[in-house]
Amino acid sequence: MATQANSLSYAGCNFLRQRLVLSTLSGRPVKIRKIRARDDNPGLRDFEASFIRLLDKITNGSRIEINQTGTTLYYQPGLLYGGSVEHDCSVLRGIGYYLESLLCLAPFMKHPLKIVLRGVTNDQVDPSVDVLKATALPLLKQFGIDGESFELKIVRRGMPPGGGGEVVFSCPVRKVLKPIQLTDPGKIKRVRGMAYSVRVSPQMANRIVDSARSILNKFIPDIYIYTDHMKGVNSGKSPGFGLSLVAETTSGTFLSAELASNPQGQGEAVLPEDLGRNCARLLLEEIYRGGCVDSTNQSLALLLMTLGQQDVSKVLLGPLSPYTIEFLRHLKSFFQIMFKIETKPCGEELKGGDKVLMTCVGIGFSNLSKTLK
Amino acid sequence: METKDQKKHRKKNSGPKAEKKKRRHLQDLQLGDEEDARKRNPKAFAVQSAVRMARSFHRTQDLKTKKHHIPVVDRTPLEPPPIVVVVMGPPKVGKSTLIQCLIRNFTRQKLTEIRGPVTIVSGKKRRLTIIECGCDINVMIDLAKVADLVLMLIDASFGFEMETFEFLNICQVHGFPKIMGVLTHLDSFKHNKQLKKTKKRLKHRFWTEVYPGAKLFYLSGMVHGEYQNQEIHNLGRFITVMKFRPLTWQTSHPYILADRMEDLTNPEDIRTNIRCDRKVSLYGYLRGAHLKNKSQIHMPGVGDFAVSDISFLPDPCALPEQQKKRCLNEKEKLVYAPLSGVGGVLYDKDAVYVDLGGSHGFQDEVGPTHELVQSLISTYSTIDAKMASSRMTLFSDSKPLGSEDIDNQGLLMPKEEKQMDLKTGRMRRKAIFGDEDESGDSDEEDDEMSEDDELENGSSDEEAEEEENAEMTDQYMAGKGVKRRKLEELEEDSEMDLPAFADSDDDLERSSAEEGEAEEADESSEEEDSTAGEGGISESKAVGEGSKAGLSPANRQSDHVNLEKSLLMKKAAVLTSDSGHCTAEEAFASEDESEENSSLSAEEEDSENEKTIRKKLSKPSQVSSGQKLGPRNLIDETSDIEDLLKEEEDYKEENNDSKETSGALKWKEDLSRKAAEAFLRQQQAAPNLRKLIYGTVAEDNEEEDGDTREELGGLFRVNQPDRECKHKADSLDCSRFLVEAPHDWDLEEVMNSIRDCFVTGKWEDDKDAAKVLAEDEELYGDFEDLETGDVHKGKSGPDTQNEHIEKELKEEIDPNEEESAKKKHLDKKRKLKEMFDAEYDEGESTYFDDLKGEMQKQAQLNRAEFEDQDDEARVQYEGFRPGMYVRIEIENVPCEFVQNFDPHYPIILGGLGNSEGNVGYVQMRLKKHRWYKKILKSRDPIIFSVGWRRFQTIPLYYIEDHNGRQRLLKYTPQHMHCGAAFWGPITPQGTGFLAIQSVSGVMPDFRIAATGVVLDLDKSIKIVKKLKLTGFPYKIFKNTSFIKGMFNSALEVAKFEGAVIRTVSGIRGQIKKALRAPEGAFRASFEDKLLMSDIVFMRTWYPVSIPAFYNPVTSLLKPVGEKDTWSGMRTTGQLRLAHGVRLKANKDSLYKPILRQKKHFNSLHIPKALQKALPFKNKPKTQAKAGKVPKDRRRPAVIREPHERKILALLDALSTVHSQKMKKAKEQRHLHNKEHFRAKQKEEEEKLKRQKDLRKKLFRIQGQKERKNQKSSLKGAEGQLQ
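Residues numbered from 1 in each chain as written. Chains lettered and ligands numbered in written order. Predicted model: local features only at pLDDT ≥ 70, side-chain atom pairs only at ≥ 80, totals over all residues. Heavy atoms only, no water.

Draft legend 1. Focus on the overall build of chain A. From N to C terminus, chain A includes 8 helices and 18 strands. Taking all 373 residues of chain A together, the buried fraction comes to 63%. Here the contacts in chain A between residues at least 6 apart in sequence split such that 74% fall between residues at least 24 apart. A total accessible area of about 12700 Å² is found for chain A, and carbon and sulfur atoms account for 49% of it. (Helix = DSSP H or I, 4+ residues; strand = E, 2+ residues; numbered from the N terminus. Buried < 20%, exposed > 50% of the residue type's maximum accessible area, 1.4 Å probe, protein only. Contact = heavy atoms within 4.5 Å. Areas by Shrake-Rupley, 256 points an atom, 1.4 Å probe, with all protein chains shown as cover.)

Draft legend 2. A look at helix H9 (residues 229-241) of chain B. Helix length check: H9(B) (13 residues) gives 18 Å between terminal C-alpha atoms against 18 Å at 1.5 Å per residue, within 8%. Taken together, the buried positions of H9(B) are Glu231(B), Ile232(B), Leu235(B), Gly236(B), Ile239(B) and Thr240(B). (Expected span 1.5 Å × (residues − 1).)

Draft legend 3. Region of the structure containing the confidence of the model for chain B. Residues and elements named next belong to chain B. Confidence along chain B averages 74 in pLDDT terms, with 65% of residues attaining 70 or more. Low pLDDT (under 50) marks residues 376-381, which in the prediction has 14 contacts with non-local residues, meaning those over four places away or in another chain. Between residues 1278-1282, whose pLDDT stays under 50, and residues either more than four places distant or in other chains, the model counts 2 contacts. Per the prediction output, this complex has pTM 0.69; the corresponding ipTM is 0.93. (pLDDT = per-residue confidence, 0-100.)

Draft legend 4. How the structure looks around the interface of chain B and chain A. Each side of the interface is counted separately: chain B has 80 residues, and chain A has 94 residues. It is Tyr694(B), Asp733(B) and Arg736(B) that lose the most area in chain B upon contact with chain A, and together they represent 10% of the buried surface on that side. Scanning the region where chain B abuts chain A turns up 8 salt bridges. Linking Arg75(B) and Asp311(A) is a salt bridge whose minimum nitrogen-to-oxygen distance equals 3.0 Å. For the side of chain B that touches chain A, the residue count by class is 35 nonpolar, 24 polar and 21 charged. (Buried area = accessible area lost by both parts, 1.4 Å probe. Salt bridge = Lys/Arg side-chain N within 4 Å of Asp/Glu carboxyl O. Nonpolar A, V, L, I, M, F, W, Y, C, P; charged D, E, K, R; others polar.)

Draft legend 5. Spatial organisation of the packing of helix H1 (residues 16-26) of chain A against helix H3 (residues 95-105) of chain A. All names here are of chain A. As a packed pair, H1 and H3 sit with axes 10 Å apart at the nearest point and diverge in direction by 20°. By the angle class used here, H1 and H3 are roughly parallel. In this structure, the crossing between H1 and H3 has a hand that is right-handed. In contact with Arg17, Val21, Thr24 and Leu25 of H1, H3 contributes Gly96, Tyr97, Glu100, Ser101, Cys104 and Leu105. (Axes fitted to C-alpha atoms, helices over the stretch in contact; angles between N-to-C directions. Parallel < 35°, antiparallel > 145°, perpendicular 65-115°, else oblique. Left-handed = near helix turned anticlockwise from the far one by under 90°.)

Draft legend 6. Representation of the sheet that holds strand E17 (residues 340-344) of chain A within the structure. Read across the sheet, 4 strands follow the order E11-E16-E18-E17 (chain A) without closing on themselves; strand pairing throughout is mixed. Each of the sheet's edge strands pairs with one partner strand only, and the pair in question is strand E11 (181-182) and E17 of chain A. (Pairing = 2+ DSSP bridges.)

Draft legend 7. Spatial organisation of the packing of aromatic side chains. Residue and element names in this part refer to chain B. Applying the stated criterion to the full structure yields 30 aromatic pairs over all chains. Taking the centre distance of 5.7 Å and the plane angle of 70° together, the rings of Trp249 and Trp948 count as edge-to-face. One end of the pair, Trp249, is in helix H10 (residues 248-252); the other, Trp948, is in the loop between strand E24 (942-946) and strand E25 (949-953), and 699 residues separate them in sequence. On the basis of relative accessibility, which here comes to 15%, the residue Trp249 falls in the buried class. A relative accessible area of 2% means that Trp948 is categorised as buried. A centroid spacing of 5.6 Å and a plane angle of 20° characterise the contact between Phe866 and Tyr877, whose relative ring orientation is stacked. Of the two residues, Phe866 is situated in the loop between helix H36 (847-865) and helix H37 (871-878) and Tyr877 in helix H37; the sequence distance between them amounts to 11 residues. (Phe/Tyr/Trp six-rings, centres within 6.5 Å; stacked < 30°, edge-to-face > 60°.)

Draft legend 8. The environment of Tyr1034(B), seen in detail. All names here are of chain B. With respect to the secondary-structure elements, Tyr1034 resides in strand E31 (residues 1023-1036). The spatial distance from the C-alpha of Tyr1034 to the C-alpha of Gly1045 is 9.7 Å, given a sequence separation of 11 residues. Leaving out residues up to four positions away in the same chain, Tyr1034 has contacts with Phe1042, Ile1043, Lys1044, Leu1075, Ala1077, Pro1078, Ala1081 and Met1092.

Draft legend 9. Up close: the pattern of salt bridges. Counting across every chain of the model gives 51 salt bridges over all chains. A salt bridge links Arg736(B) to Glu258(A); the shortest N-O distance between them is 3.2 Å. Of the two residues, Arg736(B) is situated in the loop between helix H31 (720-727) and helix H32 (748-752) and Glu258(A) in strand E15 (residues 254-260); the pairing between them involves two chains. On the basis of relative accessibility, which here comes to 17%, the residue Arg736(B) falls in the buried class. In this structure, Glu1087(B) engages Arg1068(B) in a salt bridge whose closest nitrogen and oxygen atoms are separated by 3.2 Å. With a gap of 19 residues between them, Glu1087(B) in the loop between strand E35 (1082-1086) and strand E36 (1096-1104) and Arg1068(B) in strand E34 (residues 1068-1074) connect regions that are remote in the sequence. Judged by its relative accessible area of 52%, Arg1068(B) is exposed. Beyond isolated ion pairs, a larger network of salt bridges with shared partners links Glu86(A), Asp88(A), Arg118(A), Arg156(A) and Glu166(A).

Draft legend 10. Summary view of the sheet that holds E15(A). Residues and elements named next belong to chain A. The mixed open sheet is built from 4 strands, whose spatial order is E13-E12-E14-E15. Two strands in the sheet have a free side with no partner beyond their single neighbour: strand E13 (223-230) and E15. Taking the axes of each pair of neighbouring strands and ignoring which way they run, one obtains an average angle of 15° across the sheet. As paired elements, strand E12 (residues 188-198) and strand E14 (residues 240-249) share 10 bridges and run antiparallel to each other. If you follow Met194 over to E14, its bridge partner there is Ser244. Here helix H6 (residues 272-289) sits on the sheet and contacts E12, E14 and E15; the angle it forms with E15, its principal contact strand, is near 150°.

Draft legend 11. Region of the structure containing the pairing of strand E23 (residues 919-928) of chain B. Residues and elements named next belong to chain B. Burial runs high along E23: 8 of the 10 residues are buried. Where E23 lies against strand E28 (residues 977-985), 9 bridges are found, and the strand directions are antiparallel. Residue pairing in the sheet places Gln923 in a bridge with Ala981 of E28. Relative to strand E30 (residues 1008-1018), E23 is paired through 8 bridges, and the arrangement is antiparallel. Looking at E30, one finds that Met924 is bridged to Val1014.

Written out as C-alpha cells, the structure reads:
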C-alpha cells in the first residue's frame, strides 16, 4: 500500500518519543536508524524499550521491528485502543517520561484510558508527576478535554534509583479539540507548591518550605507550599526529597519549577535549604521566560493546536526550548504544518524576557479510533 | 362579439383609491381609523383558554428550535472557488444543449463541443464550473461527491428514469447537495391538460425524493435547437442567487475537479519504455479545505498518490476586481475550459496558453493581450496550414526552419499526446520538455522554436517576445529586426488592424515599466533553463523558482536597484544549486550571506550593481545571438557568481570567530560552552527564530534584507538545524528546558525585571482597576437630563477641572480642540450605547446564540489572521486555501491514465486526512436498498463507494446480539439494518457509503445494492459464527453420562471443561472431565438421566477472518470508450455460471416427499392397585353396559280399578287444595312481616332524628360553653399578662 511510501526516516535515539507519538497520531510509519550506533553499548536502552512496550499496550495493530543490536527501529502505528492498562516503567527514567507522551495520545483513544504506571515519580531529569499534574492537566482542559474521569493520582512516591512509585492516570476521549487563543498570560496571583520527602526525616520538607518562601515572599504574599511525607508502602524504595512549585496567574496559566535531591549513592548530599532556594530561583527563571504555557509543556500545547479543527489557534510562549524546536520540525514533517512565529519583545515593561507568539491553523484532525454509537 | 372581449372589472386591492375605500368602510362601521383588528377589537383576541395558549406557545417554540442547525465555523474563503454545477440526466435528455445554453447566457460565447468542466463567471461574486454527468455509474458517484448543485434533467415525455433515482440515492449517501430538477421535452405534449397532469405528477414524485417544495424547472420547448432564452435566463438567475449549506465531507477535505492535465514525463523514459509510470500535472480550483504540500490524495478511478509538488497560479477565470457597476461588462464575462479548448491567456510554469475570447468580447479594451487575441481571431488560415507554411529563423544567419524540418529531426511528440492536442486544439508544452535531456544547444534552440511555434499557433509567447523587445538595447534591435520582419509576414496574412497592435506595443511596454521588469524575471528564468541544460542536470527545482518569480511580478518592487540585486542573488543561488560542484556547505554560506548582505559596504553594493547592469546588458545579446555567444556569456556569468560567492565566503570566514582558522586543540576547548552561547544568541536573535526552526524563509520579512531572503527561499533545504541535529542525535531525550545561564535573583534590577508579572506589580492602563474607574467617572460622570435640559457635572478631580477651564479657554482660540471634544462626545455616546446594549440584550441570549457567537468570532479570527500576508507566505502556514487555482504534480501515475485520457470523464483529486491512506478493518451499519431486488451474501465481492474512493472488497455481514457479540450472517436481512465489516481504507466514522454489485455496463434494475454509514475502524475484528459440536452418550449412570464423539483428544476436552452442554430434548448439563478411553470422550453430568438415543451438543462461537481484499476500481485507466466496463473479482455464483459448475447439494438438504406411517397406540393399562386408589370418578368404568332386561325381570304395569282411580283423584285434589292454602298463608305472612318491618323502621328513623336533634342542641350548648370558657381563659391569660 501507500503506507510504505510515506514512511519517515530518522537517525539517532534523541526525540524518540516525539517521533513515535507523532507517528501514531499521523498514521505514518517511522524508521529510526543508528540508535547509539557508535556507543559502547549500542541500541535501545531499557527505558526506551519500556516506552515502546507501553505504546504497544495502548495501541492495536502496531508493528514494531527492532534489529538484533537494537540500533534500528521500525514502527508502523496501529490505532489507539486505550482501556485499562498497567505498565511497569523503567526506573532509569521518571514516570514523567512516559506520562508526557501519554498526555499527547490519551484523548484520541478508542476507549477512555485508565493506566497505572509504576516506577520513579520524581527525579532530576524528567518533569515530575506533580508538575505535570499541576500544569499539563489544566492545559489539556483548555482544549476541551475535561470531565470527571480526567485525573492524575499519585498513589505512591518512588525516588530513584529504587523507584516503587505508582501513579494512576485516566483521561476521557474526544473526537475533536477546541482551538485556543492564549495570548494573555495574566498576572501571577498565587504560588503553590509541594515539598515531599520519602524515607527521610519529615522535617526535611519543612526546611525546604521555609527556604523557598524566603525568596518568593519578596514578590507575592500568597504562597502556600504543602508538605507531603509518605510513609510505609507508599514511600517507594529509595530515600529522597524535593520541591515542585507552581505559579498560577489570573488567566489560568500555570508556570512551574522543580528540584529533587540527588539519588541515593550518586553525587553529594543536598541540603534541603539549598534545594528550596534553588527551586524558588528556578521558578523565578520560569516566570522570567513567561508565556501562557510552561516550558515543559510547550510541545504539548503546540501538538494539540496542530490537532485542532481547521481554525486559527494562538499561544504565547516563552523562549522555545530545544525540545520544542525539534518538535516543531517534526510537526512539519509529520503533519506538513508550519507555525507562524512572531517574537514579542518585552520592551519597557517589567515582564521578563522576550515572548514568542505561535499561531497555526489546525489540520482538522479527528479521532479515528472512537467508535460511533 | 365585442362585449365578450371586454375585460371584467377588477376591484382595486392596493393604491390610494383602495385605501380611501377601506377607510371609508371602516368609518361606516364606526371603527375609526384603527386598522389593526387586534387594537380595534381587543376582546376578540383575549386569552380564551390557558391550555390552548400554552400549546400554541409550545408549538411555536418547537418550530423555532427545529430550524436550528448545529452552528459550525464558517470556513468559506473570501474568494470562494467556482460552484460545481453537475448537469445530470439520462442520455438524449438535453444535457449538452442546456450547458451550451447556460454558457451562452452567461458569457455570450458559444461552445460547440463540451469536454470536461467549463468554468464561467456568472456574476459579480459568483463563478460556476459546469460539468456534464452521463449515465456511467462511476461518473455519477464521483460527481455526486464534488457537486454543489445538481441540475437533474428529466425527460417529461418519458418520465423518470432509473438513473435519476440512482443519482438521487448516491447524493443522499454522500451528503446532499442542492438539487434542482429540470423538465425538458415539454413540447412533445399535444394537449395542455395532459401536460399539466404530467407536470404535477412528476413534481410530486420529485418532491418525495428531494424534499417537499423542491424547485422543479420547466423548459417548455426548443427554438432552433436551443432552449428559450427567457427560460435559460431565469434558470441562470436561480443558479446565481442560490445559497448552499456546507456538507461535512466536502468542508473537511480538500478536493480539486481537474480541468487540465499535462504529461511531464521525461520523453526519453517513454521512448525506452512506453509503459513506464508517468509524471503528470493537474490543474484546477482547490475546493473544500486547505491542501498542504506533500499530502496524500486519492484520484477516484486511478488510485492513491502523494502530491509531489503543488503551486498556485493566477486565476484563469477571475472575478471582476472592482464591484462598482451593477452588472458585468463583456470583458469580465470569462469562460475557461481548457479541455474544451477555451480559456483566457494563461501563463504557467512551462507553457503559455492563449485562448480566444468571444467574437465580440473585449471590444473597447486596448491592451497587448487584447490585441493579440484580436489578431489571432482575425486570422483566416487554419493552424495546421500555418504550421506547415511557417518558417522560423533560429539564428540570424541560418536558414529558416519549417515544420517539416522539425518533423525530420525526429522531435515528434508521442502519439497519444498529439491526439489530445488535436482535440483541445492547443499547443502543448510537450515540445519544451521534449529536448530537455539533450544538449543545451538544442534546448536553447528548442526554446526558440517552441516559442515560434506557439507564436504561429496563436499562443502568446509572441507577446512575451515583444515585451522582451521593448527592453532591448540598440545592439539587440539589430538582431530583433529579423524577428520583427517575420512577424510582419505573419501579420500580412491577417487583417489590417494589426499595425495598431505592432505600433502600440512598444509604447505600451515602455510606459508600463513594471511589466517589463516582470519580463526580465521571465528572461532570467529562461536563462536558468539554459544554464541547467549546460550542466546537464535536471533543473525542475530551478524552473519552479524561476516561474514563481515570473508569476508574481506584481509583488516586485519598482525600485530598480533592489530588484536587480534580488535577481542577482537569485541567479547566484540557482547557479550554485545547478552547477553540481557546490556543496551543501557552500549553499549554506551563500544563504547565510544573504542576510548579511545588507551590512556589506556600500562599495560592494555598488560593484554588485555594476555587475548586474553589465549582465543585463549582456543578457539580451546572449538571447539574440544564441548558441555561439551563449556559452561564453554563461561562463562569464558563472565566474562572476563564483567570484561573488568567494567574496562572501571570505567575508564569512572573517566574521566567524577563528572556528576554522585556529588549531584543532583550540577548536576543541569548551565546545559545550560555545554551543550554549550560540544557542542563547540564537534565542535572542528573535527574527531568526523561524529560520532556526524551519530552515528557509519563504516570506518577505520586516527585516531590512528581507528581499534577498525571499529570493533564496525554497531553494536550499539543507540547513543548520539539521547539522545540529546530527550532533545531538544520540543525546538525552528530555523535554525540560534547563536554565543555561541563571540570573542572579538577589540583585534588585534582576528582581525588578519580573516585577510586573505578579498581581502586586503595575497593571496595564486598560486593566488597572483604579484607572478604569477613573476613566468611567470621566465618561459617565456628567450627563444631560434631556427632559429638563439640566446638565449634571460629574465629580472631577482638581486637575481635570483645571483642564476643563483651560479647555474652555482654549476652545475659543483653537478650532481643533472642538474637533477633539466632538470625538470625545461621540466616544462617550458609543460607550453609553454599549452599556445599554449589554444591559438589555444579555438576558435574551441563549446557549444557541452564545455558541453561534463563538463560532462567528472564530471565523473572523481565521479570516483576519493571515489576511495581511502575501500568498507565498500564507500557503506555508495554512496550506493552499480553497479558491486558489493550483497546479499539482503527481508522480508514478500509471501510463494508462495518460494514454487513455478522456476529457469527458471527470478527474477528481480528493485530499485525504491523516491516516486515511492506511488500511484496516472498517465496520459499518448497512441496509440493503429497498429497491434492490436481491439480498446480499457474505463473502461476495462488492464495490463500495466510501469517502473519495470506489473499491471492491469482500464484506462480512453480521448482527450484534444483545450481549454485544457480533454474529456472522450469511445474508443481509431483508428490511433491517445489519453490520458489515471489510478490510479496506480507513475512512472517518460517520461517513456515508453505498454499495453496488458491478460498475460495468447497464443493469436492468436499480443498481445501488446497499447504503449505510461507517461506525468503527480498527486493526482487528471479532466476528463469530455458531459452531455446534455433537456427541453421543455411550454409558449412562443416574445423572452422569459418558459422552464420546464430541472431541478428538483429552487435551481438547480439557480446554472445554466446565462448558455447558445440552441434549436435543432439552436436558442441560456440564462437561466434567476427560476419560482415558476412547480418545476424546468425557464424563458429563446432567440435570436428568439421559437416554441412549439422546444427542448431546455444545454451542460454541468460532471467530471468522475477513479476507484482506481491497481492490480500487480503476475505471479511468480503461481505454477510451470502455471506461464503464471495469469488472473486478467475480462472485462465486458468477464463476459457477461462467464455468458451468453446478453446486453439489448436500444429500440431506434435498427435499423428499414426506411419508408418514400410521401410528398405532397401545391400550392404556392402569395397574390394579392404582385403580383401587383412584376416586370413583376417575376409575375406569369397566362394567359392561346393562343389557336388555329379560321379560321375566321386567315389572308389570299397574292398572287401577275405577274406584281406586276415584280415590286417587280425590286425594290429588285435596292435596292440591291444601298446598294452595299453605301458599296463600305464606304469602300473607310475608306481607304482614314486611308491613311490620316498615313500621319498625319508621319508628327507628324518627327516634334517630330526635336523638340527632337532641345531640345537636347538646353540642351547640357545649360549644357555646366551651367558647365561653375559652374566651374567659383568654381573658384570663390576658388578664394574667396584664
